[in-house]
Each structure stands twice: as structure tokens, then as C-alpha cells.
2 protein chains.
Amino acid sequence: MSLTDLKFSIDPNIKTPMWLQIRNELFDCLYKDILRPGQLIPNEKTLVELFNVSIGTIRKAIGALEKEGILIRKQGLGTFVCQHDDQSFLFKFFHIFFNDSDVRHIPEVELASFEMRKANKTEMKLLNIPKENDKVFHIYNKLGFQGKVHSVDKIVIATAKFPLLTKEILVNRHNTIYNLFQNKFNVFITHTSERIKATLVDKKISQMLGIEMGTPILKIERLGYTFHDEIVELRTSYVNTTEVEYIRDQYSLVGE
Amino acid sequence: MSLTDLKFSIDPNIKTPMWLQIRNELFDCLYKDILRPGQLIPNEKTLVELFNVSIGTIRKAIGALEKEGILIRKQGLGTFVCQHDDQSFLFKFFHIFFNDSDVRHIPEVELASFEMRKANKTEMKLLNIPKENDKVFHIYNKLGFQGKVHSVDKIVIATAKFPLLTKEILVNRHNTIYNLFQNKFNVFITHTSERIKATLVDKKISQMLGIEMGTPILKIERLGYTFHDEIVELRTSYVNTTEVEYIRDQYSLVGE
DNA sequence: CAGTGGTCTAGACCACCCT
DNA sequence: GGGTGGTCTAGACCACTGG
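All values derive from a computational prediction rather than experimental measurement.

1. Some details on the protein's contact with DNA strand D
The full set close to DNA strand D counts 21 residues, and Met18, Ser54, Thr57 and Lys60 of chain A together with Asn43 of chain B are the nearest of them. The separation between a phosphate oxygen of DNA strand D and a polar main-chain atom of glutamate 44 of chain B is 3.1 Å. One of the side-chain nitrogen or oxygen atoms of glutamine 75 of chain B is found 3.1 Å away from a base nitrogen of DNA strand D. Of all the elements in the fold, those that place two or more residues in the surface near DNA strand D are helix H1 (18–31) and helix H3 (55–67) of chain A together with strand E2 (71–74) and strand E3 (78–81) of chain B. Considered class by class, the residues forming the surface near DNA strand D number six nonpolar, 10 polar and five charged.

So, in C-alpha cells, the structure goes:
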């Protein structure tokens, strides 16, 4: 099914501006899997005919989706659907830096454990897990650099959303886990929400981090969202901030 | 000095697009204090004559500044320079929420101490302090809600940038401290950068927070920037995350 | 080279806000 | 009603990309 096979009718008489209607139609195509990450969308002239509006209106719609990080325009090439392969996405959701350094590092990731479980109450609720299939994957990753582990991530995802995920698939990926979600399971993480607390490390995590019990660490609880604000990942990160820090730059942008 | 008194010449032949040249000219006016926070800028038609371009080009320039959070358009009213009074700015740089709650609260702020000191080496360097005037203000604030203190902020600013600041001015403000910076000292905080660690609270801060020594807390080191990436504020926040959390939402926006 | 998006124009009409 | 920004049009020309 291709975009150009569809029929769209944009109504100039309703309150919603035509460019927003077009933006929403395109957005829906992404959700309905007619457009996929990385894909080239039809050029502006084609879209003009498809939606029967002027090119300026098309450009405004595409501009909005570009601002949202959903499309990316490349002059001379075309307009593409964004994907987690892109360089800019690599560090979008990774906020750990070395102390007093502006150098980002790609963390070494080691799978510590992988198992299937019955979802608990919180997991059922947050991940909106169906009763017929109430299993979840629990994944523990160790993150570090030059052999030194600085973080442990606990990831919980529904088997319903990630069918046939295996330990091997996880270990053999050659990119971020969000790239795997996107390419193998067609789950695109659009945004995340994190809550950070300071705690004393417990026995289990201290062993994984290789530090003494009772050391202060960051506990970061992340919700990973996909389209329509659906939560698809629960992640808890435990960070030993002896040698790394959690970083955030905040602009007085309307955005964020 | 008003914007309309100036003469601008936009060059259509150079590589930089005209809309970007106009954006930069307007941005410079802000920096040069010809435009001030809250001020109404000339309407689009006037700008068309001032810059001698078509209205679409003006709109593109203003649109860019709006995206950056520098201007705000209000239909039927005009286009204004953003300021820290605006509702959206209130929580832009305040990231503390109650546990498991989406409700933001306006913190109760109590000045704990205010003094002038000689700047140390780090402060000299980061705040780019001149040798002739190497004094800084050290401000300690206690932040809380319903009488319970959850954070202590240590703020360091150069006396050169904030001349004649007194304890009274600080205490009697009726808005955020960034609003005070903007209105009394013409220093507009454009963005901040934060580095977060987990530590055990020391004696001094534990007393201010009213908790036992050795409790794990967040230590957040913030740099406050103004135009041209000039650092004007050093802030260290100590947060007791027993009842509150540090929150961050991250969209796969290009921006942040 | 042909095809793409990027810039720019010179209008028209609409929706909103204040007086 | 008079002024503001918001939407939309129908073009023209430029700059970049790949083959």
C-alpha cells in the first residue's frame, strides 16, 4: 500500500487549517504503517496533486512534521521519514556524560539477563497489557565504557508488542535498542518521560555495578512512548555517578 | 532608540538567505537592547518596508525567532519579545514534581543567606569575571511546599552583571529570580545546562534541608546562559528526593 | 542532466482582538 | 471598525543531489 494510491479530501471550509489536516493525514499514514521509518515520501509536486492544494500549504504541513522530528527534508534528494538510525537519534535518549566533559561516549552494552515473566499490576496498567497475553520480557543491561560499568538498565516490555524477541536477537543487534524496536517490531519510540531520584544502591544492583552496597546512585524511571501516547517500554536506570553525570540542556524553546 | 529609526540593508546576492539575515538583525537588536523583553515589535507591513522584502520573507524570519522562543506572535495583537513573566517560562527551568504526580507546584522560596565574596578561580573562569571587579554574590535559597523544604539552591552571580543587587530586592520580588534578572538587570536567561549526580548530603545542606546527614540527594549543577552563550549564573541545587522527583520529558524533536 | 527541496514574491481573504 | 497575525495561492528562480 502506497501513499499515492490513497484518496484524500481536504476540506477548506472547516476550522482546522488545511495544512494541519494534511499534517494529520500524513501522521496517520505513519501510524497505519503506510509510511515507515527511513522511507522516501512523494515529492512536493505529487503531494500538491494528491491533496489538491497549493505547494505552500504542502510545505507548511511538511514543515510542521519536520519540526516534530517525524520527517526530515534533504535538499536535492527528497523528504524522508525519520528513523532511529540517524546520527541525531543516537544520543537523543542517552544523557550520560563523563564528569566535566562535553564528550559523549557510545556505551558498551552487555546483556546481563533476559527472561519472560507474568506481568505485575503496575506493568499491566502502564503497558496496557491484554489479559489473554500477560507476559512481559525483563531485560537487564550493563552499560559502561572501557570495561567499567557505570549504569544498569532494567527494561520491561510486553511480549504482545514484541513477539518472538529472543536473547540472540537482542545480543546480535548492531545498533541501539530503539533501532531494534523500530526495525524488527515496527515500534517507534517518539518520546520518553523520566523521573529521577537519588537512592542508596541495593544488593542486587551494587553487585552488577561493582560498587559497595549503600553507595548513592541515580534511579531514573523512564516511560517510553510511541504514537498516540501509548507506553511501550518501562525502563529503570541505576547510575553510579562517580565518573559519569546525567546531563540536560534546556532552551527557552516553546518545544520540549 | 526604536527599531523603525534604524536603516537595514538586506543583501539578496549573498549566500545567507534574506530571511536569516533579517532574523539575525532582529536578534542583534535584542542583544543591543533596542528590543526588550515584553516589547511589541513593528507589525509585518512595517517590517516589509523596513527591510524591503516581501511579507513571506518577514514571516519566515519571525517564524524562526518564534521557534527559538525569542518572539511570540499573538493574533490580532502583534508580535512580542518573550519574557520570563510568561506562563510558559515559569516552569521552563523548574523540573521538580511530587512523586508519581503530574502536578507542578510553584515552590515556596525562602532566602537563607546573601553575601558578597571574592570570586574563586572556577567562578572567575566560568562567569568571565574581570579582575577590576572580582566580587560575586552567593545566594542560598530554600525551596519547599507546604512548609516542607525539599531543595536548597546555591546561586553565584557576578556583581559586575548585577550591580546594586540587595537582599531586599531579592526578598521583595514577586516573580521568579530569572524574571528579576531580566527586569532589574536586563539579563535574559536564554538557556541552561544541568549536570546531575547522586551524593550523600553534607552537614551544612542537611541542616538546611532538615534531614539526617548522609541521606542520598541529587546534586544538580546548572550553568545559566544569556545571549552569545555567555554564562551569567552558577547554580547548585541539592534536592531531597524523598517526596519530590526531577522530571524530564524528551521528544525526538530536532530542537530541545 | 533531470529532479529535488529552498527561497522569494505579491497579492487575497479570513480570524482574532481591542475600542 | 480598524488593525493585527494566520492561511492560502500560483507562480519564479536558485542550490543541491545523484547518475
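So much for the structure itself; the text now carries on.
2. Notes on the relation of the copies chain B and chain A
Once turned by 180 degrees and shifted 0.0 Å along the axis, chain B lies on chain A with an RMSD of 0.1 Å. Interpreted geometrically, this transformation is the action of a two-fold axis. Here 100% of the contact residues of chain B are again contact residues in chain A; the copies associate through an equivalent surface.

3. Details of the state of the cysteines
What the rule picks out here adds up to zero disulfides over all chains. Not part of a disulfide, cysteine 82 of chain A finds its nearest cysteine sulfur in cysteine 29 of chain A, a span of 16 Å.

4. A closer look at the side chain of asparagine 179 of chain B
Structurally, asparagine 179 of chain B can be placed in helix H7 (residues 177–185). Apart from residues no more than four positions distant in its own chain, asparagine 179 of chain B is found in contact with His84 and Asp85 of chain B.

5. Considering the side chain of glutamine 250 of chain B
With respect to the element layout, glutamine 250 of chain B can be found in strand E11 (residues 244–251). A polar side-chain atom of glutamine 250 of chain B sits 3.1 Å from a polar atom in the side chain of arginine 248 of chain B.

6. Some points on the pattern of salt bridges
Residue and element names in this part refer to chain A. On inspection of all chains with the given rule, the structure shows 26 salt bridges over all chains. Across the pair arginine 235 and aspartate 153 runs a salt bridge, and its minimum N-O distance is 2.9 Å. Here aspartate 153 lies in strand E7 (residues 148–158) and arginine 235 lies in strand E10 (residues 230–239), a separation of 82 residues in the sequence. Summarising the burial analysis for this pair, arginine 235 and aspartate 153 share the class buried.

7. Some words on the protein's contact with DNA strand C
If you check the shell around DNA strand C, you find 21 residues, and the closest are Asn43 of chain A together with Met18, Ser54, Thr57 and Lys60 of chain B. Close to the protein, within 4 Å, the atoms of DNA strand C are drawn from sugar and phosphate at a rate of 80%. Within the side chain of arginine 59 of chain A, a nitrogen or oxygen atom sits 3.2 Å from a phosphate oxygen of DNA strand C. The contact in question runs from a base nitrogen of DNA strand C to an N or O atom on the side chain of glutamine 75 of chain B, over 3.4 Å. Within the residue set of the surface near DNA strand C, elements represented by two or more residues are strand E2 (71–74) and strand E3 (78–81) of chain A together with helix H1 (18–31) and helix H3 (55–67) of chain B. Sorting elements by how many residues they give to the surface near DNA strand C places H3 of chain B first, with three residues. Taken together, the residues that form the surface near DNA strand C break down as six nonpolar, 10 polar and five charged.

8. Considering the sheet that holds E3 of chain B
Residue and element names in this part refer to chain B. Taking strand neighbours across the sheet as the criterion, the three strands line up as E1-E3-E2 in an open arrangement whose pairing is antiparallel. One side of each edge strand has no neighbouring strand; the edge strands of this open sheet are strand E1 (40–41) and E2. Where E1 and E3 come together, two bridges link them in antiparallel fashion. When the bridges of E3 are listed, leucine 40 appears paired with phenylalanine 80. Where H3 meets the sheet, its contacts fall on E1, E2 and E3, and the angle it forms with E2 comes to roughly 115 degrees.

9. Observations regarding the interface of chain B and chain A
With 44 residues of chain B at the interface, the matching set in chain A holds 44 residues. Around 4000 Å² of area is buried between chain B and chain A when both sides are counted, 49% of it from carbon and sulfur atoms. Across the contact surface, chain B and chain A share two salt bridges. Notably, a salt bridge pairs glutamate 245 of chain A with arginine 195 of chain B, separated by 2.4 Å at the nearest N-O pair. Inspection of the chain B/chain A interface yields 26 residue pairs in polar contact (both at pLDDT 80 or more). The leading source of residues in the side of chain B that touches chain A is strand E8 (residues 191–200) of chain B, at 10 residues. Its residues assigned to classes, the side of chain B that touches chain A shows 16 nonpolar, 14 polar and 14 charged. By the bridge criterion, six bridges tie strand E8 (residues 191–200) of chain A to E11 of chain B in an arrangement that is antiparallel. The partner of arginine 195 of chain A across the bridge, within E11 of chain B, is isoleucine 247 of chain B.

10. With respect to the environment of glutamate 44 of chain A
All names here are of chain A. Relative to the helices and strands, glutamate 44 resides in helix H2 (residues 44–51). When the C-alpha atoms of glutamate 44 and glycine 78 are compared, they prove to be 8.7 Å apart, with 34 residues separating the residues in sequence. Once you skip the residues sitting within four places of it in the chain, glutamate 44 turns out to touch Ile55, Ile58, Arg59 and Arg73. Only 2.6 Å separates the side chain of glutamate 44 from the side chain of arginine 59, close enough to count as a polar contact.

11. Quick look at the environment of tyrosine 225 of chain A
All names here are of chain A. Mapped onto the elements of the fold, tyrosine 225 is located in strand E9 (residues 216–226). For tyrosine 225, a relative accessible area of 15% corresponds to the buried category. C-alpha separation for the pair tyrosine 225 and arginine 235, spaced 10 residues apart in sequence, amounts to 11 Å. The residues contacting tyrosine 225, other than those within four sequence positions of it, are Phe188, Ile189, Thr190, His191, Thr192, Ser193, Glu230, Ile231 and Val232.

Conventions used here
- Residues numbered from 1 in each chain as written.
- Chains lettered and ligands numbered in written order.
- Predicted model: local features only at pLDDT ≥ 70, side-chain atom pairs only at ≥ 80, totals over all residues.
- Heavy atoms only, no water.
- Near = heavy atom within 4 Å.
- Polar contact = N/O pair within 3.5 Å; in protein donor to acceptor, adjacent residues only side chain to side chain.
- Helix = DSSP H or I, 4+ residues; strand = E, 2+ residues; numbered from the N terminus.
- Nonpolar A, V, L, I, M, F, W, Y, C, P; charged D, E, K, R; others polar.
- Least-squares fit on C-alpha atoms with pLDDT ≥ 70 in both.
- Contact = heavy atoms within 4.5 Å.
- Disulfide = S-S within 2.5 Å.
- Salt bridge = Lys/Arg side-chain N within 4 Å of Asp/Glu carboxyl O.
- Buried < 20%, exposed > 50% of the residue type's maximum accessible area, 1.4 Å probe, protein only.
- Pairing = 2+ DSSP bridges.
- Axes fitted to C-alpha atoms, helices over the stretch in contact; angles between N-to-C directions.
- Buried area = accessible area lost by both parts, 1.4 Å probe.

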